Amino acid sequence: ELKVEQNPLFLSMQEGKNYTIYCNYSTTSDRLYWYRQDPGKSLESLFVLLSNGAVKQEGRLMASLDTKARLSTLHITAAVHDLSATYFCAVDKSAGGTSYGKLTFGQGTILTVHP
Amino acid sequence: GAGVSQTPSNKVTEKGKYVELRCDPISGHTALYWYRQSLGQGPEFLIYFQGTGAADDSGLPNDRFFAVRPEGSVSTLKIQRTERGDSAVYLCASSRPKGTSGRSSYNEQFFGPGTRLTVL
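Rules used in this analysis
- Numbering of residues starts from 1 in every chain and runs along the sequence as written.
- Chain letters start at A and ligand numbers start at 1, both assigned in the order the entries are written.
- Only residues with pLDDT of at least 70 get local features here, since the model is predicted, and only at 80 or more are side-chain atom pairs given and counted; chain-wide, interface and lining totals rely on the full set of residues.
- Values reported for side chains reflect all heavy atoms of the structure, with hydrogen atoms and water molecules removed beforehand.
- By definition, any uninterrupted DSSP run of H or I lasting at least four residues is a helix, any uninterrupted run of E lasting at least two residues is a strand, and each is numbered from the N terminus.
- Between buried and exposed lies partly exposed: a residue is buried under 20% and exposed over 50% of the maximum accessible area for its type, with that area taken using a 1.4 Å probe on protein chains only.
- Any two residues whose heavy atoms approach within 4.5 Å at even a single point are treated as in contact.
- Between rings of Phe, Tyr and Trp, where Trp is taken as its six-membered ring, a pair exists when centres lie within 6.5 Å; planes separated by under 30 degrees are stacked, by over 60 edge-to-face, and by other angles tilted.
- Strands are treated as partners if at least two bridges between them are detected by DSSP.
- Axis definition: a line fitted to C-alpha atoms, limited for helices to the stretch in contact. Angles are taken between N-to-C directions and run from 0 to 180 degrees.
- Patch building starts from residues that exceed 30% relative accessible area and form no salt bridge, then joins like charges within 9 Å and nonpolar side chains (Val, Leu, Ile, Met, Phe, Trp, Tyr) within 5 Å.
- For accessible areas, the Shrake-Rupley method is used with a probe of radius 1.4 Å. Any residue's cover is judged against the shown protein chains and nothing else.
- Criterion for a salt bridge: a side-chain nitrogen of Lys or Arg within 4 Å of a carboxyl oxygen of Asp or Glu.

**Q** Lay out the environment of Pro8(B) in plain terms, naming residues and giving numbers.
**A** Residues and elements named next belong to chain B. On the secondary structure map, Pro8 appears in the loop between strand 1 (5–7) and strand 2 (10–13). For Pro8, a relative accessible area of 29% gives the class partly exposed. The spatial distance from the C-alpha of Pro8 to the C-alpha of Leu21 is 6.8 Å, given a sequence separation of 13 residues. Those residues in contact with Pro8 that lie beyond four places of it in its chain are Glu20, Leu21, Gly114 and Thr115.

**Q** Break down the packing of aromatic side chains for me, citing the residues and quoting the values.
**A** Across all of its chains, the model carries nine aromatic pairs over all chains by this definition. Among the aromatic residues, ring-to-ring pairing joins Tyr35(A), Phe88(A), Phe105(A), Tyr33(B), Tyr35(B), Phe45(B), Tyr48(B) and Phe111(B) into one connected group.

**Q** Help me get a handle on the sheet that holds strand 8 (residues 71–76) of chain A, residues and values and all.
**A** All names here are of chain A. As summarised here, the arrangement of the five strands in space is 1-3-8-7-6, forming an open sheet in which the pairing is antiparallel. Each end of this open sheet is capped by a strand with a single partner; those strands are strand 1 (4–7) and strand 6 (55–58). Recorded for the sheet is a direction-independent mean angle of 15° between the axes of neighbouring strands. Relative to strand 8, strand 7 (residues 61–66) is paired through six bridges, and the arrangement is antiparallel. Within strand 8, the residue paired with Leu61 across the bridge is Ile76.

**Q** Report on a nonpolar patch on the surface, specifying residues and quantitative values.
**A** Nonpolar side chains collect at one region of the surface, where Leu9(A), Phe10(A) and Ile110(A) lie side by side and expose about 300 Å² of accessible area between them. Within the fold, Phe10(A) resides in strand 2 (residues 10–14).

So, to be careful, I would describe these as geometric facts and stop short of saying anything about function.
Right, dumping it as structure tokens:
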């Protein structure tokens, strides 16, 4: 059974600081997604990581994937209040380019950015 | 274009009642997914449709839960004899057909706003 674990689960940051959220998963996959969820809202797609060594950046967020270590990171640079949200990683249990369709999500990291 | 829509946005029902939750996927998306998100947790997979057929229903918790997609577009999640433990936000997502060019061929799922189900 695929397990996806995020840490930390809660992250309180000051504006301007940097931090990293980690996502570990238990079985082979080369397809990982990061989503953002604001309170009471649905999930917004942030990044799609499709191969070992993939790195994607958007604004103050950068995501990377190491399939050998079964690890993805979401790095936050110079945090601002608008980044406060819950961040989820999700793994698509795929192999050889075929998607199985089903995403397994981590528990989520609740990020709060303080002035 | 329009995103995934779900109705109702909120549903309050009594224990033992039957409920139906509806999902309208993005036009042209042949894959449709249902997830359930309990408070403070990540979404959990329930069922996946490719076209009209359920390709994977391994996440349905028991036989009180059933989902249909008769014409390959709109889907309905049906819950019989609801229990208090069924209270959660039910999320629907859709994705493009396999073989489509670009990153969406890799099952990028676009989520709807969810239906918050409360069973009293």
